[in-house]
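Topology and contacts: notes
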Amino acid sequence: MLRYLPFLLVLALWIYAFIDCLNTPEEEVRGLPKVVWVIIILLFGEVLVGPIAWLVAGRRRHAPAGGSTPSEWHRSHRTQWVAPDDNPEFLHSLREENKKDESLLKDWEADLRRREEELKKREREQGGEQA
């Protein structure tokens, strides 16, 4: 199985570069037209020249908006998590679900009582006919 690993890695890189090239907007492609990049990736994929050329030279990489990297953005924009017990919206949704469940249970109990009464009535009618 280990002898197939290099082939699988090459195949994975080939597929990644191909899909990345297809999904990249035309205005973000550098150097050559997008169609030419697709052909290069497909023709030279087995020797890794095409996919590596695409990843290095084909796609324009943008600097992050605002000049900050994603990790810097995450550090400065931390989300304040609230425990479910302290979250009023969550507690309200639980109350609403409980009300729905209680009304459903009451409907089921009423239906069960009605069916039991119908069964008892049928049994009495059948008992009276047999006598």
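Residues numbered from 1 in each chain as written. Predicted model: local features only at pLDDT ≥ 70, side-chain atom pairs only at ≥ 80, totals over all residues. Heavy atoms only, no water.

1. A word on the nonpolar core
Ranked by size, the top nonpolar core spans seven residues in total: A17, C21, V29, W37, V38, I41 and W54. Residue assignment for this core shows that the elements contributing at least two residues are α1 (5-23) and α2 (34-43). It is α2 that contributes the most residues to this core, three residues altogether. (Core = buried A, V, L, I, M, F, W, Y, C linked by side-chain atoms within 4.5 Å. Buried < 20%, exposed > 50% of the residue type's maximum accessible area, 1.4 Å probe, protein only. Helix = DSSP H or I, 4+ residues; strand = E, 2+ residues; numbered from the N terminus.)

2. Notes on the UniProt feature "transmembrane region" (unreviewed entry) in the protein
What UniProt calls "transmembrane region" (unreviewed entry) maps, in this numbering, to residues 35-57. Annotation note: span residues 35-57, helix share 78%, strand share 0%, distance between end C-alpha atoms 15 Å. (UniProt positions renumbered as here; feature names shortened; annotations may be inferred.)

3. Concerning the UniProt feature "coiled-coil region" (unreviewed entry) in the protein
As recorded in UniProt, the sites labelled "coiled-coil region" (unreviewed entry) are residues 91-125. Secondary structure across residues 91-125 comprises 100% helix and 0% strand; the distance between its end C-alpha atoms is 51 Å.

4. Details of unusual backbone geometry
In this model, L48 sits at a positive phi of 70°, which is unusual for a non-glycine residue. Here L48 falls in the partly exposed class, since its relative accessible area comes to 23%.

5. Observations concerning α1
Here α1 contains 19 residues, and its C-alpha end-to-end distance of 27 Å stays within 8% of the 27 Å for a straight helix at 1.5 Å per residue. For α1, every residue scored as buried is listed here: A17, D20 and C21. Each buried residue of α1 lies within a common arc of 100° when the element is viewed along its axis, so the set occupies one face. Exposed and facing more than 90 degrees away from the buried side of α1 are F7 and N23. Structurally, α1 contributes buried residues whose contacts are with α2 and α3 (49-58). (Expected span 1.5 Å × (residues − 1). Arc of directions from axis to C-beta. Contact = heavy atoms within 4.5 Å.)

6. Considering the packing of α1 against α3
Orientation of α1 relative to α3, taken along the N-to-C sense of each, is 45°, at an axis distance of 9 Å. Taken together, α1 and α3 sit at an angle that is classed as oblique. In this structure, α1 crosses over α3, and the sense of that crossing is left-handed. On α3, the residues touching L13, W14, Y16, A17, D20 and C21 of α1 are P51, I52, W54 and L55. Along the lines of polarity and charge, the residues of the contact of α1 with α3 split into nine nonpolar, no polar and one charged. (Axes fitted to C-alpha atoms, helices over the stretch in contact; angles between N-to-C directions. Parallel < 35°, antiparallel > 145°, perpendicular 65-115°, else oblique. Left-handed = near helix turned anticlockwise from the far one by under 90°. Nonpolar A, V, L, I, M, F, W, Y, C, P; charged D, E, K, R; others polar.)

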